[in-house]
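Next come the chains, spelled out residue by residue.
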Amino acid sequence: MTDPERIDGFGAWYDEKQGDSGDLWHRTLIDPGLFARIGPVPRGIRVLDLGCGNGYIARRLARLGARVVGVDTSPELIERARAWQGTEPLDIVYHRADAAHLSFLSDQSIDLAVANMSLVDIENASGTIRETARVVVPGGRFVFSISHPCFDVDTRSGWLVEVTVGPPTVFRKVARYQEPHSDSYRWALPDGRSVRTVGYHRPLAWYVKQLRTAGFIVVDAEEPGPSIEFVGHRMKREWIEQIPLHLVIEARREPAQGTPG
Ligand SMILES: C[S@@+](CC[C@H](N)C(=O)[O-])C[C@H]1O[C@@H](n2cnc3c(N)ncnc32)[C@H](O)[C@@H]1O
């Protein structure tokens, strides 16, 4: 996101939007895919939540017994995430920091890193992937969700629906896929103001290569489809069933070259 610290009230709005279980889109479409790849969470596992926002994913993991560190650049959101600890102390440690610079974490100190819809908002995503590889133990994992790079290219993609006879045929049009770029989005706040945030598109192979170069291998993926709750809200359900708008990647940290596995 762009300059979140300068947008007074944005953090409060985002905190209210996500609440303690994520907004409808996260809760019923993205998060089930994220947690499918996270899988069982052993008690005491050390988890890093990159771009943690108001911390609802961090809290969900902490409730399962994980020891969680949350990182976000937005002071307002980190403040909000900390405030949730007053409601329910879960011993989550929050840092206001850039995900590409985690000097407060030592090498190989994390078992599982997660980033829910944050890599697409992080300018230095390659630095973040490298830094994540530094802090994750060999055999540990990095699970993240992003806008689907093939089908949801910010303002340069959209639906095409062809109606003839029978059910409509749905296509997704995508422009300038191969070109990494940033784009800004307008969010209308409930008080009438609007803010712009910035998102970053990178092609699918970019992610795979950055992960590989940093020392991760991709072991699994999800392209989440609508859950039953999502279907109840009739948000282009039939379309998203055919063409996913999100991608979840599970990557495993490889042992450094020459060290025993
Ligand atoms: C779309 S929000 C997702 C937040 C949260 N993971 C969720 O699922 O609600 C993206 C988050 O990434 C954070 N962010 C953007 N750039 C960052 C950076 N360089 N380092 C850490 N966090 C960053 C933003 O402040 C924002 O909270």
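Residues numbered from 1 in each chain as written. Predicted model: local features only at pLDDT ≥ 70, side-chain atom pairs only at ≥ 80, totals over all residues. Heavy atoms only, no water.

1. Quick word on the nonpolar core
The following threshold applies: Here, the term nonpolar core denotes a set of buried Ala, Val, Leu, Ile, Met, Phe, Trp, Tyr and Cys residues that are joined through side-chain atoms within 4.5 Å. When accessible area is computed with a 1.4 Å probe and restricted to protein chains, residues below 20% of their type maximum are described as buried, those above 50% as exposed, and intermediate ones as partly exposed. In this description, contact between two residues means that some pair of their heavy atoms is separated by no more than 4.5 Å.
With 31 residues, the main nonpolar core has L48, L50, L119, F142, F144, L211 and F216 as its most contacted residues. Setting aside anything within four residues of it in sequence, one finds F144 in contact with L34, A115, L119, Y207, L211, L247, V248 and I249. Among the nonpolar cores identified, the runner-up in size contains 23 residues, and V41, C52, I78 and L112 belong to it.

2. Quick word on the confidence of the model for the chain
The criterion, for reference: Values of pLDDT, the confidence the predictor places in each residue, fall between 0 and 100.
Looking at the chain as a whole, the pLDDT averages 91, with 93% of positions reaching at least 70. Note on residues 2-6: pLDDT under 50 across the span, and 8 contacts to partners over four residues away in sequence or across chains.

3. A word on the sheet that holds strand β11 (residues 246-253)
Threshold: Two strands are counted as paired when DSSP detects at least two bridges linking them. Comment: elements are numbered from the N terminus, with helices defined as DSSP H or I runs of at least four residues and strands as E runs of at least two. Axis lines are fitted through C-alpha atoms, for helices just across the contact stretch, and the angle between N-to-C directions can take any value from 0 to 180 degrees.
On the basis of which strands lie adjacent, the open sheet formed by 7 strands has the order β3-β2-β1-β4-β5-β11-β10 and mixed pairing. Only two strands of the sheet have a single partner each, and these edge strands are β3 (93-96) and β10 (216-222). Strand-to-strand twist in this sheet, taken as the mean axis angle between neighbours without regard to direction, amounts to 20 degrees. This element, helix α4 (residues 75-87), spans β2 (67-72) and β3 of the sheet and lies at about 165 degrees to β3.

4. Here's the deal with the packing of helix α2 (residues 24-38) against helix α3 (residues 56-63)
Operational definition: Here roughly perpendicular refers to angles of 65 to 115 degrees, roughly parallel to angles under 35, roughly antiparallel to angles over 145, and oblique to all remaining angles. In this scheme the handedness of a crossing depends on how the near helix is turned from the far one: anticlockwise by less than a right angle means left-handed, clockwise means right-handed. Asp, Glu, Lys and Arg are counted as charged, while Ala, Val, Leu, Ile, Met, Phe, Trp, Tyr, Cys and Pro are counted as nonpolar; the rest, among them Gly, fall into the polar class.
Two elements in contact, α2 and α3, have axes separated by 13 Å at closest approach and are oriented at 45 degrees. Accordingly, the angle class assigned to the pair α2 and α3 is oblique. Helix-helix and strand crossings are classified by hand; for α2 and α3 the assignment is right-handed. Seen from α2, the contacting residues are H26, D31, L34, F35 and I38; seen from α3, they are Y56, I57, R60 and L61. Considering only residue class, the contact of α2 with α3 consists of 6 nonpolar, 1 polar and 2 charged.

5. Side note on the pairing of strand β6 (residues 157-162)
Two strands pair when backbone bridges link them, and β6 and strand β7 (residues 169-174) are joined in this way by 6 bridges, in the antiparallel orientation. Paired with W159 across the two strands is R172, which belongs to β7. Linking two consecutive strands that pair antiparallel, namely β6 and β7, is a turn of 6 residues; a positive phi of about 80 degrees is found at G166 within it.

6. Digging into the environment of A97
Mapping A97 onto the fold places it in the loop between β3 and β4 (110-116). A sequence separation of 129 residues divides A97 from P226, and the C-alpha atoms of the two residues are 33 Å apart. In this structure, A97 is in contact with V71, D72, T73 and F104, ignoring residues within four places of it in sequence.

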